[in-house]
Every structure is written in structure tokens, then in C-alpha cells.
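Overview (structure and organization)
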Amino acid sequence: ETKKSFPAITLSPSNSASSMSRPMFLSNKFKKQQEASDSSSSGYDFYGDSSGSLEYDFYRESCPEAEKIIRSRVQDLYYRHADVAPSLLRLVFHDCFVEGCDASVLLDAVDGVDGEKESPPNETLKGFDVIDIIKSELEEACPGIVSCADILVFAARESVALAGGPFYPLETGRRDSTMSFSEVATYDLPTPYDILPKTVASFALRGFNERETVSLLGAHSIGTIHCRFFLSRLYNFDGTDEPDPTLDIEFLNLLRSRCNNNHTSSSPSLSPSPSSSCPSLSPSCVGNPVSPPSPQVPGVEMDYEGKGSSFGTLYYRSLLQGRGILYVDQQLTVGEETEAWVRAYASDASLFRQDFAKAMMKLSNLGVLIAPAGQVRISCSKTV
Ligand code: HEM
């Protein structure tokens, strides 16, 4: 069962009051998805409810090389900048969670009207240039055929595999939206300061149960988190002038050594802090994946123990030790069911890999547009 009612919440991280009072702008598309999921007897719907009209190898005749082109381009770029993998994985989450996997996150602002890209939760998204590179190659091979929405889910799938995660099959035939949903993105994307019931509710609205939610957050095994998303946990948790008491003390010191309180305000502002240096061990330390990484913005790599650590396991083990970087991650250990899944994934890497693969397939099929709806864009940042 995915739908739960939660008691009134008193636990409050730095800005939970504001995030709890936000309105929900969920589209009908997702309301339908939730109803379908609520009525599903297994509570674990492998494919989600919107994959019916997608097909395996949709481009087999119209663009037989499509998947190969996407794979080899992502590989090339990843070997030049490993940031490419986390960037694309995060990008697909931010696309699919807002009105479905329709590439709406890629659209530029039009006539001064902001798109999703400009919405605060999307300010630090990267990987747009990678998608543009892949798209132009596909436009040369088979003009006007392969949608940006399909490119996005495929590119994320390749990224997961390159980063040591599982490979999962994907159907194709998604179409691109003609609209961008800036307001939905602003209000409906989960925040790093959310308490567990809010995170669970947000995923449940898209048809994910707690098991799937915990597995999807395993994506936080790779990439970099800017200090400002967890600075308040280090120096002024919930206005106490003290660190978050649930943080392991050694880990707190490690994070503090990388994220100086002077870098930026401890408020959860989403604006960049360009004046700060990059004190982390991270060679990439955040930056555009194709252009050289910027040394300007401080952050911590999720796989802070080293690149060799396996995708998933370190993340869940860290949570059990009070070493979650984001508040929202650490919160997975406070719920009975979510904590049980954290334990399961910490000790059983192959269970995690299976569950993550299934959940990524489901995420990649959320609220897709099927012909004749939508369009195939020529440039991913503009409608045709
Ligand atoms: C409650 C849900 C989630 C919240 C609140 C959240 C929040 C965040 C935040 C604040 C960052 C750091 C961004 C930055 O420093 O620029 C981040 C990074 C990231 N997130 Fe999430 N996230 C969530 C779920 C997910 C899911 C479901 C996925 C993918 C399936 C995902 C993939 C990633 C990746 C790969 C990164 C690293 C990005 C990079 O290094 O460029 N996240 N997330």
C-alpha cells in the first residue's frame, strides 16, 4: 500500500515549516498514476501504469543506430568528465517527477517566461549540454525522429551503468512536451530539508511505495552535493546554533572541514555562492560536465570514501552510521519500513541493484507522452 495518512508533524529541520505549507501542484496525470498504484494489489508495480504504449526498440526501423549513438556518446563524455553520470541521473529524476518524462526540464525560457530549468530546485542541474551533443548527433543520423525524452532516459540508464550501477531495459516512443512547468517544479520537487513523511508522500503521489523510494534515493551514491544544501546541519540546525545531533561526530568534522561556515549563509538558499573556494577532496568539485569543472563552489562527493566503493552499498551503510549528507537522506532511517529497507540494501547489494533497476524503469515511464500527443523536438531546448 502506498497511500498513508501521517500524523501532524512537529519535527522540523531548518525550513520544514515553509516546505510543509507549500501547495501541491500535482497534475491529473500523476493523480491517475497514484490511483492506479493505490488500487494495485501487489503494491509493487514493476512497470508503473503508463508504459502500455511504449515499445521495446521503437526506433528499430526509423533510427536503428539510436541507442548505440546515445551509449557511445555518453561513454565518451563520461570518460572525459565523470560528472556526466550523476548529472544525467539527476536530470532524469527532475524531468520525470514534474509532469512525467517529457523532456520539459530541457526547455529554455520563452519571451522572458521561466521554464522548469529556471525554477529554484533546478538551479544546480547539469548535463543539458550533454543532451544537446547527443541530440545533434542523432539529428544528423536520423532527423526529427528521436525524442529528447527518450534520449534523456537512455542517457541516464547508460550513466547508471557507467557509474557501477545496474543496467535495466527501457522501452521507447516517448514524445516531448510543448510546455514547461516551472511552477510545478518549484513546488512539487522534494527538497533536501524534507522530513520523511513528506518525502514518502511525494513519491507515493507518483506511485512509488516506500521500498521503491528508498531504492531510488540510492542514486545519491554518486555525484556532488553543494555545501549549502546541508550547511545548516553542520552549524545551525533548526535555529539551535548547534549541529544536527543525529550526525555522526567524526563525519560532522569531516563535512565541516570541507564546508566552512563562512562560505555561504547557513540558510537553505538556492542561490549560488560564487565567492567560495572548493576545499573538498573532490577533483571535480562540482562543475559543468563538458566544460572543465569549476573550482568555485564548495561541495562534497557522495562517494567520499573513494570511487571504488560500490554503487548503493556505501550510501545505505553511511545512513546506518548517521553519515547521511542531506537531511532528507538521513531521514530514511527514522521510519520503521524505510529503515528496514536501508538495512536490507546496506547488507545485500544485489537486492539493491535489482530494486534500483526496477524503480528506475518505473521512474523512466512516469507520465510519458505517446503519439499523437507531444512532438519530437529538433533542438531539445526549444519546441518546434
Ligand atoms: C527526496 C528526493 C530527493 C531530494 C530532496 C534530492 C535532492 C538533491 C540535492 C539537494 C542534490 C545536490 C545538488 C547540488 O549540490 O547541486 C542532489 C544531487 C543528486 N541527486 Fe538527488 N534528490 C532526491 C532524489 C533523487 C533521485 C530519486 C535521484 C535519481 C534517481 C537523484 C539523483 C541525484 C544525483 C545523481 C545527484 C548528484 C548530482 C550531481 O553531482 O550533479 N536524487 N539531490
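Our subject is the structure that appears above.
So, a few notes on the structure that sits alongside this text. (Residues numbered from 1 in each chain as written. Predicted model: local features only at pLDDT ≥ 70, side-chain atom pairs only at ≥ 80, totals over all residues. Heavy atoms only, no water.)

Here the focus is the environment of Gly223. Topologically, Gly223 is positioned in the loop between helix 9 (210–217) and strand 1 (224–226). As for Gly223 and Ala163, which are separated by 60 residues in sequence, their C-alpha atoms are 9.8 Å apart. (Helix = DSSP H or I, 4+ residues; strand = E, 2+ residues; numbered from the N terminus.)

With that out of the way, let us pick up the nonpolar core. Counting 76 residues, the largest nonpolar core has Leu91, Leu106, Ile131, Leu138, Tyr316 and Leu363 as its most contacted members. Sequence-distant contacts of Leu91, that is, excluding residues within four places in its chain, are made with Val105, Leu106, Leu125, Lys126, Gly127, Phe128, Ile131 and Leu152. Residues Ile225, Leu234, Leu247 and Met302 belong to the second largest nonpolar core, which totals 18 residues. (Core = buried A, V, L, I, M, F, W, Y, C linked by side-chain atoms within 4.5 Å. Buried < 20%, exposed > 50% of the residue type's maximum accessible area, 1.4 Å probe, protein only. Contact = heavy atoms within 4.5 Å.)

Contact geometry for helix 4 (residues 84–96) and helix 6 (residues 148–162): axes closest at 8 Å, N-to-C directions at 140°. Taken together, helix 4 and helix 6 sit at an angle that is classed as oblique. Seen along the crossing, helix 4 lies across helix 6 with a hand that is left-handed. On the side of helix 4, the interface is formed by Val84, Ala85, Leu88, Leu89, Leu91, Val92 and Asp95, while helix 6 contributes Leu152, Val153, Ala155, Ala156, Ser159 and Val160. Considered class by class, the residues forming the contact of helix 4 with helix 6 number 11 nonpolar, 1 polar and 1 charged. (Axes fitted to C-alpha atoms, helices over the stretch in contact; angles between N-to-C directions. Parallel < 35°, antiparallel > 145°, perpendicular 65-115°, else oblique. Left-handed = near helix turned anticlockwise from the far one by under 90°. Nonpolar A, V, L, I, M, F, W, Y, C, P; charged D, E, K, R; others polar.)

With that settled, consider the packing of aromatic side chains. Counted according to the given criterion, the structure contains 16 aromatic pairs. Seen in terms of ring centroids, Phe93 and Phe97 are 4.7 Å apart; in terms of plane orientation they differ by 55°. Their pairing is tilted. A relative accessible area of 22% means that Phe93 is categorised as partly exposed. An angle of 15° between the planes, with centres 6.5 Å apart, marks the rings of Phe97 and Phe208 as stacked. Of this pair, Phe97 sits in the loop between helix 4 and helix 5 (128–141) while Phe208 sits in the loop between helix 8 (196–205) and helix 9, and the two are 111 residues apart along the sequence. This pair shows no difference in class: Phe97 is buried, exactly as Phe208 is. An aromatic cluster is present here, built from Phe311, Tyr315, Tyr316, Trp341, Tyr345, Phe352 and Phe356 joined pairwise through their rings. (Phe/Tyr/Trp six-rings, centres within 6.5 Å; stacked < 30°, edge-to-face > 60°.)

Glancing now at the site of the ligand. The environment of the ligand is formed by 26 residues, the closest being Thr124, His220, Gly223, Thr224 and His226. Between the ligand and Lys126 there is a distance of 3.3 Å, counted from an oxygen atom to a side-chain nitrogen or oxygen. For the ligand, an oxygen atom lies 2.8 Å from a polar atom in the backbone of Thr224. For the shell around the ligand, the secondary structure elements donating two or more residues are helix 4, helix 8, helix 9 and strand 1. Counting residues per element, the shell around the ligand draws most heavily on helix 4, which supplies 5 residues. Classifying every residue of the shell around the ligand gives 16 nonpolar, 8 polar and 2 charged. (Near = heavy atom within 4 Å. Polar contact = N/O pair within 3.5 Å; in protein donor to acceptor, adjacent residues only side chain to side chain.)

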